[in-house]
Protein chains: 2
Amino acid sequence: MAIQSEPRTIRAPRGTTRSAKGWVQEAALRMLMNNLDPEVAERPSDLVVYGGIGKAARNWESFDKIVECLKDLEGDESLLIQSGKPVGIFKTHPHAPRVLISNSVLVPAFANWDTFHELDKKGLMMFGQMTAGSWIYIGSQGILQGTYETFAEAARQHSGGSLKGTLTLTAGLGGMGGAQPLAVTMNDGVMIGIEVDPKRIERRIHTRYCDVMVEKLDEALRLAEEAKSKGRPLSIGLVGNAAELLPEIVKRGIVPDFVTDQTSAHDPLNGYIPEGYSLEAAAELRQRDPKEYVRLSKRSMAKHVQAMLDLQKQGSVVFDYGNNIRQVAFDEGVKDAFNFPGFVPAYIRPLFCEGKGPFRWVALSGDSQDIYKTDELLLKLFPENQALRRWITLAQERVAFQGLPARICWLGYGERAKFGLAINEMVRKGEISAPIVIGRDHLDSGSVASPNRETEGMKDGSDAVADWAVLNALVNTASGASWVSFHHGGGVGMGYSLHAGMVVVADGSEEADEKLSRVLTTDPGMGIIRHADAGYDKAIETAKERGVRVPMLGI
Amino acid sequence: MAIQSEPRTIRAPRGTTRSAKGWVQEAALRMLMNNLDPEVAERPSDLVVYGGIGKAARNWESFDKIVECLKDLEGDESLLIQSGKPVGIFKTHPHAPRVLISNSVLVPAFANWDTFHELDKKGLMMFGQMTAGSWIYIGSQGILQGTYETFAEAARQHSGGSLKGTLTLTAGLGGMGGAQPLAVTMNDGVMIGIEVDPKRIERRIHTRYCDVMVEKLDEALRLAEEAKSKGRPLSIGLVGNAAELLPEIVKRGIVPDFVTDQTSAHDPLNGYIPEGYSLEAAAELRQRDPKEYVRLSKRSMAKHVQAMLDLQKQGSVVFDYGNNIRQVAFDEGVKDAFNFPGFVPAYIRPLFCEGKGPFRWVALSGDSQDIYKTDELLLKLFPENQALRRWITLAQERVAFQGLPARICWLGYGERAKFGLAINEMVRKGEISAPIVIGRDHLDSGSVASPNRETEGMKDGSDAVADWAVLNALVNTASGASWVSFHHGGGVGMGYSLHAGMVVVADGSEEADEKLSRVLTTDPGMGIIRHADAGYDKAIETAKERGVRVPMLGI
Ligand SMILES: NC(=O)c1ccc[n+]([C@@H]2O[C@H](COP(=O)([O-])OP(=O)(O)OC[C@H]3O[C@@H](n4cnc5c(N)ncnc54)[C@H](O)[C@@H]3O)[C@@H](O)[C@H]2O)c1
Ligand SMILES: NC(=O)c1ccc[n+]([C@@H]2O[C@H](COP(=O)([O-])OP(=O)(O)OC[C@H]3O[C@@H](n4cnc5c(N)ncnc54)[C@H](O)[C@@H]3O)[C@@H](O)[C@H]2O)c1
């Protein structure tokens, strides 16, 4: 086969005819290609999928060789991928993974961007981000579901399982923050999103992620009050600066039910507009006197956080959404800045304690009907789960597929295996037209060590312990996942995380039944044991209820 | 079963009756216990096996629980060990490993001794070193073969193939360093080994690894000179501190032929005694002011390395023996610290390119006859290998077994699988009385990333790339090793290495045939592809000759 190692447009094959020797190999092939589909990838010609420089293969030569290897790979062989390059093929056995991947892993003392870039330049490395280098990215449906799930959990904890009749106040409707208005209305709530840049709001309205845009606080409050009292969902994009408007809201004695923030506070120079500055004036100052800009920006953030704290005292449920704004305010002298929690310890970790996380699946047929059938199956299997029903219904209405049709939802221990086996049954019976690929983000309950994000503030202080991510990769390999990956640096950059991924294919076979039931048990099971070991009651309870074996706890 | 979690004397059961549900589980049980046998372990009451603080289990509660779990473990279950603690049991399948281990792995930005010690104190971590936490340490013999080979290769390169009439100066006669005197005398040389703890020297004399112990430098030099001039092999354990005695040797203008060091410099707090401190005073300071201890310890290492550099300038052949002492000295301001090479690029890498490394096996019966039979088998299988014959002969004469009888020799790609299958055949036929455990050190051809040791000065500059170690752990898991381990920091300390281990049991079954042939192929195969990828001709040749598949090289 001639190798044609030039950038070109990649799109995964569809349908029921495969060019590889088995469906697992074919699945890896299509998912690699799907990651590079122009509908999915941010910069496909550079093999960049998402996350700045997160790639699916090291270079086009490697891409072509991986494709060639996958087509040729037997059902008892395993292909080894080292930072996006195929480096070996070994005989293993049918119940072993067909692909084993390690991306961007550096000896810790050298685990920094400088060393990485140097090795990258030499052609020896690639940044795998999380689902880019492990061939299971599915486009922007992911951030929407994650945000939806965060608000759903907030609702479960504080307002009876729904945001109906509640007001959420936030700021920042940018790349990721723009998912907030839709995530809130999907949970039946009302929200005001303060955004200094009207173009950003317009864009959210265009994509139907946000309902209305207003220029005045009074009007926003009036609309919000009206919707709230009628129990109607509504998202309002309010043009303005959070550092000005939040203190004003405090002054008026208004107490939203939930308060958070997704301005890009992690970057005071480029991600946050100081109070009193128009976009133009801000751009000018940023250029002319960046130091002064940062000083003003940080001072505004301190006010912003102070107002969040004031609202918390008045009774609002307040949380940080992973933009580091508490740290900035704290450094500016707001001593109580960390009085409100980060979103992971507050809302995501309880889910992790039940083995829940960003579970997803993809139809290899390319046929949207296959996904709609799995949607139905899901609702049939978990009829009691109202949040799930809402999500699926709304996703069907609101989410456009990118590349191969896919769905994401957060399922926990027990549910994943049950669902996976039921999908396999449908594939077997021909009710779904081709095999389904089942995977997840690396940001999952038992697969990641990342002290500034997923493992921030662990109860026992084990934030930096990464044995768990390694064990996750090993046990998924031992359980027969279709491919397994281990990465360094995803999400928070070089040095700050280690994490593992897995994908398992439902091809309708009996062998797949065995693999699915094992992998979809051990994988979320890692989340249970990791959090049980750290002393979280919910994880310990889940382990006891579900029979997850944790020897030192006598379970 | 009542848990009796107190320090006590551990010795592995012998014989053909097992208490676990299968031989693989029984093997893990006996090997864990054997690691803590007082004949094997350096400080068994603290669960310390070797390497300063390299432990087999996190604490006695964990040890007891691991034993309980292994006895109870089914042949299709896997036990997960996180830094020496049993944290979960999952259903996998018969061809999966029975135990999966991750020790001391930290998120890279936190991968330092301070964080480790803090977590260790909180009971959340353990240092696994290499074969300590992965239950395949076999006492000094384990390192004897490697040390013997290293000095033999040094002799080939610098003194006509023998150490006869030469003086080797080293320090540290601990768990691994204690092999040096015998390795040198086996090569017909004379050596002085400086060791601050007389008990360590006594122990080496007791096991016949060292010939004499002296208290004074003058006497050591006199004895050495006498033996050298008569061409007689002699090993001298000299009580003293290397940081004091090496500069003294420089001052006296004495130039040994070879100079190296095996103090536990990789662990400045626990592994090195600062100059001027007695063992007792050191222990007191370590307890009272660990920071100050580390400061003094590092300062002494700088002096120690400076003296090694001075000897190199005078004409000694100087090499680092993998304890990271150059890095410490460099950080302390000794700018030339890396002027002498590590032993791997100097003497070991050519062997790695053929998949050779510290292969070893242990008789679970406890019967030395079983090992002698494998010795015979080995010589029968590889009659053309003269070095092997010499080693086996000397080992039979000079090596006293510690704990369960064991043998080590360096076998390469192809040889390992052939030998493993032949052993399994003998077990099957009852020619060997009980199953044999087959494993290796983590320091092997394709299993370690350690830029100051095993991967120092790689041809393509990929020293810091650790994907290979991850892939090694994954592929051995996929191939059905009996247990697989992944560690951080072994040999060179926190931050400086990532490495993987494996053990596979020859219990005479057909299933074991399959596992042995896969694991003993993929495992050294990793060494071939890692070095082929880095551009070493010998590895590329070996891949071609032996049919190891390296896709990007078209092999
Ligand atoms: N940890 C997580 O999982 C997670 C998830 C989502 C977002 N985040 C964090 O949230 C932040 C936002 O991410 P993004 O991708 O949406 O960034 P972005 O830069 O695309 O959007 C930030 C938005 O904030 C607006 N803004 C800036 N200053 C403002 C002010 N003073 N008042 C009102 N609006 C202001 C900007 O105009 C912009 O639209 C980042 O810090 C990101 O790291 C974290
Ligand atoms: N790369 C390899 O293959 C390889 C092989 C063997 C050892 N090593 C390295 O060598 C080191 C030693 O290993 P070990 O298992 O023998 O460790 P160990 O802790 O059992 O022994 C170290 C010995 O050094 C002695 N010592 C400490 N400070 C001293 C000083 N200032 N002067 C004289 N003696 C001193 C101690 O008393 C102890 O006996 C480790 O760092 C290990 O990683 C590497």
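Thresholds, definitions, all that
- Residues numbered from 1 in each chain as written.
- Chains lettered and ligands numbered in written order.
- Predicted model: local features only at pLDDT ≥ 70, side-chain atom pairs only at ≥ 80, totals over all residues.
- Heavy atoms only, no water.
- UniProt positions renumbered as here; feature names shortened; annotations may be inferred.
- Near = heavy atom within 4 Å.
- Polar contact = N/O pair within 3.5 Å; in protein donor to acceptor, adjacent residues only side chain to side chain.
- Areas by Shrake-Rupley, 256 points an atom, 1.4 Å probe, with all protein chains shown as cover.
- Nonpolar A, V, L, I, M, F, W, Y, C, P; charged D, E, K, R; others polar.
- Pairing = 2+ DSSP bridges.
- Helix = DSSP H or I, 4+ residues; strand = E, 2+ residues; numbered from the N terminus.
- Contact = heavy atoms within 4.5 Å.
- Axes fitted to C-alpha atoms, helices over the stretch in contact; angles between N-to-C directions.
- Domains from an automatic or database assignment.
- Expected span 1.5 Å × (residues − 1).
- Buried < 20%, exposed > 50% of the residue type's maximum accessible area, 1.4 Å probe, protein only.
- Buried area = accessible area lost by both parts, 1.4 Å probe.
- Salt bridge = Lys/Arg side-chain N within 4 Å of Asp/Glu carboxyl O.

Under an unreviewed UniProt entry, chain A has the name Urocanate hydratase and belongs to Alicyclobacillus ferrooxydans. Here is the UniProt Pathway (unreviewed entry) comment for chain A, exactly as written: "Amino-acid degradation; L-histidine degradation into L-glutamate; N-formimidoyl-L-glutamate from L-histidine: step 2/3."

All names here are of chain B. Ligand 2 sits among 32 residues. The nearest are Glu195, Gln262, Ser264, His266 and Leu443. Within the contact set of ligand 2, an oxygen atom lies 3.2 Å away from a side-chain nitrogen or oxygen of arginine 200. Note that an oxygen atom of ligand 2 is positioned 2.6 Å from one of the side-chain N or O atoms of histidine 266. Expressed as a share of its isolated accessible area of 850 Å², the protein-covered part of ligand 2 is 97%. Here the residues of the shell around ligand 2 sort into 11 nonpolar, 17 polar and 4 charged.

This part is about the sheet that holds strand S9 (residues 234-239) of chain A. Residues and elements named next belong to chain A. Strand order in the open sheet made by the 6 strands is S8-S9-S7-S6-S10-S11, with parallel pairing throughout. With one partner strand each, in any of the chains shown, strand S8 (212-214) and strand S11 (317-318) form the two edges of the open sheet. The pairing of S8 with S9 spans 3 bridges and is parallel. Following the sheet pairing, valine 212 is matched in S9 by isoleucine 236. Sheet strands in contact with helix H6 (residues 198-206) are strand S7 (190-195), S8 and S9, and its direction is about 160° off that of S8.

Looking now at the domain arrangement of chain A. When its domains are assigned, chain A resolves into domain 1 (23-121) and domain 2 (144-335). For domain 1 of chain A versus domain 2 of chain A, the separation of C-alpha centres amounts to 38 Å.

What follows concerns helix H2 (residues 60-72) of chain B. Residues and elements named next belong to chain B. Across its 13 residues, H2 extends 18 Å between first and last C-alpha, which sits within 8% of the 18 Å expected from 1.5 Å per residue. Trp60, Ser62, Phe63, Asp64, Lys65, Ile66, Val67, Cys69 and Leu70 are the residues of H2 that are buried. If you follow the buried residues of H2, they end up packed against helix H1 (23-35), strand S3 (77-82), strand S4 (85-91) and strand S5 (99-103).

Residue and element names in this part refer to chain A. Taken together, 25 residues lie around ligand 1, and Gly175, Gly177, Glu195, Ser264 and His266 are the ones closest in. Between ligand 1 and valine 196, the relevant distance is 3.3 Å, taken from a nitrogen atom to a main-chain nitrogen or oxygen of the residue. Here an oxygen atom of ligand 1 and a side-chain polar atom of serine 264 are 2.7 Å apart. Considered on its own, ligand 1 offers 860 Å² of accessible surface; in the complex 87% of this is hidden by protein. Among the residues forming the shell around ligand 1, the class breakdown is 8 nonpolar, 13 polar and 4 charged.

Moving on: the interface of chain A and chain B. On the side of chain B, 79 residues touch chain A, which itself brings 78 residues to the contact. Both sides together, the interface formed by chain A and chain B hides about 6,100 Å², and carbon and sulfur atoms give 72% of it. Inspection of the region where chain A meets chain B yields 4 salt bridges. Of the charged contacts in the structure, one is a salt bridge between Lys85(A) and Asp533(B), with a shortest N-O distance of 2.7 Å. Where chain A touches chain B, the interface holds 27 residue pairs in polar contact (both at pLDDT 80 or more). Of all the elements in the fold, those that place two or more residues in the side of chain A that touches chain B are helix H2 (60-72), strand S3 (77-82), strand S4 (85-91), strand S5 (99-103), helix H3 (113-121), helix H16 (467-479), strand S16 (483-488) and helix H17 (510-533) of chain A. Counting residues per element, the side of chain A that touches chain B draws most heavily on H16(A), which supplies 10 residues. Partitioning the side of chain A that touches chain B into residue classes produces 44 nonpolar, 22 polar and 12 charged.

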